[in-house]
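Fold and geometry: a report
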Amino acid sequence: MSKERARRRAARLAQAERERSARARAAARRERRRAMLRRVTPPRRAGRTGRLFIRRSPAQRAGIAALTVAVLAVVWLAVPDLALRLLLTTVLLLAAPAVVVIALGRRT
């Protein structure tokens with residue numbers, strides 16, 4: 001009986017050792033992958049705040065939004081044809097970012 005218990009215990013310990021070494025290999029692979037990613041990716045620039053609209057001041061953002069809404073209102077009130085309204089709205093929404101960058105510049 002004690003020899004059988006010793007055999008089971010040895011098998012349990014061997015299995016535990018195999019699992020421990022597998023976890024160690026996985027951790028080593030994970031660490032190598034992270035190290036490779038650190039080498040490949042460019043370093044983060046200092047001074048980033050994480051805010052979404054950091055390039056524009058609140059006043060500029062309000063002006064952009066107000067001007068866009070005003071142009072959309074003029075389009076929807078002055079243009080009688082629905083298809084033309086939709087076309088002009090689409091053109092405005094697609095062209096607005098380019099116009100903002102050209103007009104206000106791109107601060108980096």
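Attention here is on the structure that accompanies the text.

Cut-offs used in this document
Residues numbered from 1 in each chain as written. Predicted model: local features only at pLDDT ≥ 70, side-chain atom pairs only at ≥ 80, totals over all residues. Heavy atoms only, no water. Helix = DSSP H or I, 4+ residues; strand = E, 2+ residues; numbered from the N terminus. Buried < 20%, exposed > 50% of the residue type's maximum accessible area, 1.4 Å probe, protein only. Contact = heavy atoms within 4.5 Å. Areas by Shrake-Rupley, 256 points an atom, 1.4 Å probe, with all protein chains shown as cover. Patch = residues over 30% accessible without salt bridge, like charges linked within 9 Å, V, L, I, M, F, W, Y side chains within 5 Å. Salt bridge = Lys/Arg side-chain N within 4 Å of Asp/Glu carboxyl O. Lys, Arg positive; Asp, Glu negative; His and termini not counted. Charge placed at Lys NZ, Arg CZ, Asp CG, Glu CD.

Focus on the overall build of the protein
Across its full length, the protein holds three helices and zero strands. Reading the protein from its N end, one meets helices and strands in the order α-α-α. When the 108 residues of the protein are sorted by exposure, 9% land in the buried category. Long-range contacts, defined as pairs at least 24 residues apart, comprise 47% of the intrachain contacts of the protein with a sequence gap of at least 6. A total of about 9600 Å² of accessible surface is found on the protein, and carbon and sulfur atoms cover 65% of it.

As for a positive patch on the surface
Positive charge collects at one region of the surface, where Arg25, Arg29, Arg30, Arg32, Arg33 and Arg34 lie side by side. By the element assignment, Arg33 lies in helix H1 (residues 2-40).

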